[in-house]
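# Report on the structure
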Amino acid sequence: MIELSVNHLLGIKYITEEDIQLIFETADHFKEVIQRPIKKVPSLRDITIANLFFENSTRTRLSFELAEKRLSADIINFSAGSSSVKKGESLVDTVNNILSMKVDMVVMRHPNPGAGVFLSKHINASIINAGDGAHEHPTQALLDCYSIRERLGDVAGKNVVIVGDILHSRVALSNIFALQKLGATVKVCGPKTLMPRYIESLGVQFEPNLIKALNWCDVANMLRVQNERMDISYFPSTREYTQQFGLNKKILDSLDKEIIVMHPGPINRGVEITSDVADSKQAIILDQVQNGVAVRMAVLYLLASKIKRNDS
Ligand code: NCD
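Residues numbered from 1 in each chain as written. Predicted model: local features only at pLDDT ≥ 70, side-chain atom pairs only at ≥ 80, totals over all residues. Heavy atoms only, no water.

### What about the domain arrangement of the protein chain?
Partitioning the protein chain into domains gives domain 1 (12–137 + 289–311) and domain 2 (138–285). Once you take the C-alpha centre of each, domain 1 and domain 2 turn out to be 26 Å apart. Facing 31 residues of domain 1, the contacting portion of domain 2 comprises 27 residues. Taken together, the two surfaces of domain 1 and domain 2 that pack against each other cover about 2600 Å², and 60% of this comes from carbon and sulfur. Per-residue buried area on domain 1 facing domain 2 is highest for Ile12, Phe24 and His137; these three make up 27% of the total on that side. If you look at where domain 1 meets domain 2, you find 3 salt bridges. A salt bridge links Arg170 to Glu55; the shortest N-O distance between them is 2.9 Å. If you look at where domain 1 meets domain 2, you find 17 residue pairs in polar contact (both at pLDDT 80 or more). Mapped by element, the contributors of at least two residues to the side of domain 1 that touches domain 2 are helix H1 (17–33), helix H2 (59–70), strand S4 (126–132) and helix H11 (285–311). If one sorts the elements of the side of domain 1 that touches domain 2 by residue count, H1 sits on top with 8 residues. (Domains from an automatic or database assignment. Contact = heavy atoms within 4.5 Å. Buried area = accessible area lost by both parts, 1.4 Å probe. Salt bridge = Lys/Arg side-chain N within 4 Å of Asp/Glu carboxyl O. Polar contact = N/O pair within 3.5 Å; in protein donor to acceptor, adjacent residues only side chain to side chain. Helix = DSSP H or I, 4+ residues; strand = E, 2+ residues; numbered from the N terminus.)

Following this line, the structure appears as structure tokens:
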């Protein structure tokens, strides 16, 4: 029986290349399912999932919710803004209250790095990390790599540059782990002040020049500048950032070869990429969103099948 090596998806760091390939093959199947006129399968009919969002989210929350509904799971939604967390309740108490309602799986976004790992040691449910601070965002990296595989046939052997605010980005870290596990070479590009000091110890080269980085790569993943995570200024002005690290159509058309442009969203149009790039044929931003549902269905399905076996 082929199954995941883990009971939780806490980060790409904790899973193997075989796990990722199994998720992709399962997502291929679900991608076919969600193109059908009847997009729903009964696979998770006896599973209850709590979506716990302690930090704002639009697309990740909607994507998980849709994936759960397509699999016929029962779901409960919770967001920190409207809860007792504001009254000082601890994370474990909040979640235990929810779990006493017999929840099997928890999808959690939390502002603190390591929140998912912490929770997995305290509660008896399968946990999926939907973003923990500036640490990891594993399902985003999976859907990004899945979208590269779909467009280019394979991730192995490809050159990928991640451009922008690497320091505050959980998308960057999870992508680096996933791309490397799948055999791609990764570089990062952006202001030196937005590069973590440990970056080269991850086997990732820093390229300060955007044009050089773009001429080297097959895929450019353009990240948002995460102003909400910055308590000081990391670069002189947004205009200057855009001049040095923004991708526009003129640059895209001047490159040696046709590259693929990705973005996890939300896009700041005109800052990290211009509208004509975001809407161009080379951008696969909406494919990423569509693949997100199939990839999350695969993760939920594979983790849920482990729960059922443990029960019996
Ligand atoms: C990212 C996130 O929240 O980490 N977005 C997402 O999940 N699609 C990136 C971002 O906020 O810039």
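### Focus: the sheet that holds strand S7 (residues 205–206)
Taken in spatial order, the 5 strands of this open sheet run S7-S6-S5-S8-S9, and their pairing is parallel. The outermost strands of the open sheet, each flanked by one partner alone, are S7 and strand S9 (260–262). In this structure, strand S6 (residues 185–189) lies alongside S7, joined through 2 bridges in parallel fashion. By the bridge assignment for S7, Lys187 is matched with Gln205. (Pairing = 2+ DSSP bridges.)

### What to know about the packing of H1 against helix H5 (residues 138–152)
A packed helix pair is summarised by two numbers, namely the angle formed by the two axes and the spacing between the axes. Their axes nearest at 11 Å, the elements H1 and H5 cross at an angle of 70°. In this view, H1 runs roughly perpendicular relative to H5, as classed from their interaxial angle. When H1 is examined against H5, the residues Ile20, Ile23, Phe24, Ala27, Asp28 and Lys31 are found in contact with a partner set consisting of Leu142, Cys145, Tyr146, Arg149 and Glu150. In terms of residue class, the contact of H1 with H5 is made up of 7 nonpolar, no polar and 4 charged. (Axes fitted to C-alpha atoms, helices over the stretch in contact; angles between N-to-C directions. Parallel < 35°, antiparallel > 145°, perpendicular 65-115°, else oblique. Nonpolar A, V, L, I, M, F, W, Y, C, P; charged D, E, K, R; others polar.)

### Quick notes on unusual backbone geometry
Cis geometry is found at the peptide bond from Gly265 to Pro266, where omega equals -5°. Following the sequence through the fold, Pro266 ends up in the loop between S9 and helix H10 (275–278). Phi at Ser72 takes a positive value of approximately 65°, unusual for a residue other than glycine. Here Ser72 is to be found in the loop between H2 and strand S2 (74–79). For Ser72, a relative accessible area of 17% corresponds to the buried category. (Buried < 20%, exposed > 50% of the residue type's maximum accessible area, 1.4 Å probe, protein only.)

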